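Structural overview for review
Here's the letter readout for the chains.
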Amino acid sequence: MHIFKDTCRRIKMTTSLKISLFLIVTLFSNLSAAQSTNTQKISENVYSIFLNYVQTLVVIGDKGVLITDPANSIRAKQLKKEIAKLTPLPVTDIVLSHEHYDHIGGTEVFPGATIYAQKHAEAVFRLDITGQAPKKVDLLVNEKETIKMGNTKVNLYHYGAADGVAMMALHLPKEKVVFSADLYEANEITNKLWLADSNYLGSRILLNNLVALKPEYAITTHSKSIDPKHLIMGARFYNDLYDAVEAKTLEALSQGFPALVNVMTTLPNQVKLEHFKGFKNYDHLPAHVERMILSIFHGG
Ligand SMILES: [Zn+2]
């Protein structure tokens, strides 16, 4: 009986040991995949670093370095090491692209840096119960701000609500670089899980403005590619969505609430966007159609 019990226990231990080992191996292989870094040189003093699913713009000035979205403390520490391979200068300027928590953490890893955010971000930061929001923002941007990093001019633009209420895009005119966050990805439609907080009219305006700047490099936070063809397709996605629903939504608005409910319930399953059929998550299109209809007649 005892022997039987012991054997059982041993089998159980072996099984649980195997499961633990499996979990450890999976965790480590996931971690090493997540930690793979891709640094791309754009000009003499401008780089993009893709690390842990977030792409950061790095601008080296004469006295310090400007970065976008450290994201979180773990990533910020890794980012600091990567930047040290490029320059001995410290990070002196941190631009937070928007208020969402997967972008704003880790600022404490760069003590003394000036933190920039669009002014509407404060209304969200003050509600943070996770400790990720910066303790203080040094410069709240209204519509436009320019930061000089040596000979490089970094323009910050706010065009209104987009993904969140405090979205800023960046433009380096001399280097022909634009940076935006979370509005498009390479060959992929954004997963419908992340749309609830988006104003698609603002996203459309922002991307169209960036396309009009004719950039040679276009950084978006969650894709590695900096080829502007993805920005152009991103803008086209919002334009095509807008064209597909604008007339019907405005017509329903003029007819009253039951017509709006009808448009909301039928149009998302009717709209097809030819140019995006091969994109990942194309089956999430109805949620994007719904978001555009709501942005037009309801705001937000
Ligand atoms: Zn976001």
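Structural data are supplied above this passage.
The paragraphs below set out a description of the structure included in this document. (Residues numbered from 1 in each chain as written. Predicted model: local features only at pLDDT ≥ 70, side-chain atom pairs only at ≥ 80, totals over all residues. Heavy atoms only, no water.)

Section: the coordination of the zinc ion
The protein atoms donating to the zinc ion are His98 (NE2), His100 (ND1), Asp163 (OD) and Asp182 (OD), with metal-donor distances spanning 2.1 to 2.4 Å. Taken together, the 4 donor atoms surrounding the zinc ion define angles of 89 to 171° at the centre, an arrangement classified as irregular. Mapped onto the sequence, the residues coordinating the zinc ion show the spacing H-x1-H-x62-D-x18-D. Note that His100 is positioned in the loop between strand E5 (91–95) and helix H3 (101–104) and Asp163 in the loop between strand E9 (152–157) and strand E10 (169–172), a separation of 63 residues in sequence. Take His100 and Asp163: they sit in the same class, and that class is buried. (Donors = N, O, S within 2.8 Å, 3.2 Å for Na, K, Ca; no water. Tetrahedral: all angles 85-135°; square planar, octahedral: opposite > 155°, others 65-115°. Helix = DSSP H or I, 4+ residues; strand = E, 2+ residues; numbered from the N terminus. Buried < 20%, exposed > 50% of the residue type's maximum accessible area, 1.4 Å probe, protein only.)

What to know about the pairing of E10
Residues Ala169 and His171 of E10 are buried on one face, and the alternating residues Leu170 and Leu172, pointing to the opposite face, are buried as well. Where E9 and E10 come together, 3 bridges link them in antiparallel fashion. Looking at the pairing, Tyr157 lines up with Ala169 of E10. Of the pairings in the sheet, the one linking E10 to strand E11 (residues 177–180) comprises 3 bridges and is antiparallel in character. Paired with Leu172 across the strands is Val177, a residue of E11. Hairpin connection of E10 to E11: 4 residues between the antiparallel strands, including Lys176 at a positive phi of 55°. (Pairing = 2+ DSSP bridges.)

Observations concerning the sheet that holds strand E12 (residues 217–220)
Strands sit in the order E8-E9-E10-E11-E12 across an open sheet of 5 strands; the sheet is mixed. Of all strands in the sheet, those with a lone pairing partner are strand E8 (144–149) and E12, marking the two edges. Neighbour-to-neighbour, the strand axes of this sheet turn through a mean angle of 20°, independent of strand direction. Those strands touched by helix H5 (residues 200–212) are E10 and E11, and its axis lies near 170° from that of E11. (Axes fitted to C-alpha atoms, helices over the stretch in contact; angles between N-to-C directions. Contact = heavy atoms within 4.5 Å.)

Quick notes on the sheet that holds strand E4 (residues 65–68)
Ordered in space as E1-E2-E3-E4-E5-E6-E7, the 7 strands form an open sheet in which the pairing is mixed. Among the strands making up the open sheet, the edge pair consists of strand E1 (38–43) and strand E7 (139–141). The sheet shows a mean angle of 20° between the axes of neighbouring strands, taken without regard to direction. Strand direction decides the pairing type here: E1 and strand E2 (residues 46–51), joined by 5 bridges, are antiparallel.

Details of helix H8 (residues 285–297)
With 13 residues, H8 extends 19 Å between its outermost C-alpha atoms, agreeing within 8% with the 18 Å of an ideal straight helix rising 1.5 Å per residue. The set of residues buried in H8 consists of Leu285, His288, Val289, Arg291, Met292, Ile293, Leu294, Ser295 and Ile296. Packing partners of the buried residues in H8 comprise H5, helix H6 (228–255) and helix H7 (257–270). Gly299, located one to two residues past H8, shows a positive phi value of around 80°. (Expected span 1.5 Å × (residues − 1).)

Considering the packing of aromatic side chains
The full count for this structure, using the stated rule, is 5 aromatic pairs. On the basis of an interplanar angle of 75° and a centroid distance of 5.2 Å, the ring pair of Phe237 and Phe276 is categorised as edge-to-face. Placement of Phe237 in helix H6 and of Phe276 in the loop between H7 and H8 is noted, with a sequence separation of 39 residues between them. One exposure class covers both Phe237 and Phe276, and it is buried. Three or more aromatic residues joined by ring pairs make a cluster, and in this case those are Tyr200, Phe237, Tyr238, Phe276 and Phe279. (Phe/Tyr/Trp six-rings, centres within 6.5 Å; stacked < 30°, edge-to-face > 60°.)

Regarding the pattern of salt bridges
Tallied over the entire structure, the rule returns 7 salt bridges. Two residues, Glu44 and Lys41, come together in a salt bridge whose shortest N-O distance is 3.6 Å. Where Asp138 meets Lys136, a salt bridge forms, and the shortest distance between an N and an O atom there is 3.0 Å. By relative accessible area, Asp138 is classed as partly exposed at 38%. (Salt bridge = Lys/Arg side-chain N within 4 Å of Asp/Glu carboxyl O.)

Brief notes about the packing of H7 against H8
Following both chains from N to C, one finds H7 and H8 inclined at 150°, their axes separated by 8 Å at the closest point. As judged from the angle between their axes, H7 and H8 are roughly antiparallel. Along this stretch, H7 crosses H8, giving a crossing that reads as right-handed. Touching Leu260, Val263, Met264, Leu267, Pro268 and Asn269 of H7 are Pro286, Val289, Glu290, Ile293, Leu294 and Phe297, all from H8. When the residues that make up the contact of H7 with H8 are grouped by side-chain class, the tally is 10 nonpolar, 1 polar and 1 charged. (Parallel < 35°, antiparallel > 145°, perpendicular 65-115°, else oblique. Left-handed = near helix turned anticlockwise from the far one by under 90°. Nonpolar A, V, L, I, M, F, W, Y, C, P; charged D, E, K, R; others polar.)

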